[in-house]
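# Survey of secondary and tertiary structure
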Amino acid sequence: MSSEYQHVSKSKLKLKNESDIKISKKRSKKQKKKDMEKQIRAVMQEPPRTNNEPPTPPPASKGRVLTKAEESFKKMQEKMQNKRIVEKAQMTHKQRVEQFNQHLDSLTEHFDIPKVSWTK
């Protein structure tokens, strides 16, 4: 007698483009800082685009083709990331701490954490 499950594949399932998935290693803080500096330099040196110039299409690759929504999402992500980088590069850590301290000083005592004690 033949079994109902005789022709079933017993190997593990494979995702599409499994070869494209890369296993990334943790980067050191020095490497992250270098990457951040490179991005800041690239954003500062990048000439602004005019509205009549079409954006350059990404190079064709063997991988999956992105949909219009995915492309626009990635563009917006990059734009927001570049904006955040430029904003962070404008102030030093010391200036940010001073600004935060001024903000805390301007708050009323209403926002202070009340002292809670069982002994008093």
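Residues numbered from 1 in each chain as written. Predicted model: local features only at pLDDT ≥ 70, side-chain atom pairs only at ≥ 80, totals over all residues. Heavy atoms only, no water.

The chain is annotated in an unreviewed UniProt entry as AGAP000425-PA-like protein from Anopheles sinensis. Taken from UniProt, the Sequence similarities (unreviewed entry) comment for the chain reads in full: "Belongs to the FAM32 family." (UniProt positions renumbered as here; feature names shortened; annotations may be inferred.)

Looking now at the overall build of the chain. Check the secondary structure of the chain and you find three helices and zero strands. In the chain, the succession of helices and strands from N to C terminus is α-α-α. Across the 120 residues that make up the chain, the buried fraction comes to 1%. A total of about 13300 Å² of accessible surface is found on the chain, and carbon and sulfur atoms cover 56% of it. (Helix = DSSP H or I, 4+ residues; strand = E, 2+ residues; numbered from the N terminus. Buried < 20%, exposed > 50% of the residue type's maximum accessible area, 1.4 Å probe, protein only. Areas by Shrake-Rupley, 256 points an atom, 1.4 Å probe, with all protein chains shown as cover.)

On inspection of all chains with the given rule, the structure shows two salt bridges. Arg-64 serves as the salt-bridge partner of Glu-70, at 3.2 Å between the closest nitrogen and oxygen. (Salt bridge = Lys/Arg side-chain N within 4 Å of Asp/Glu carboxyl O.)

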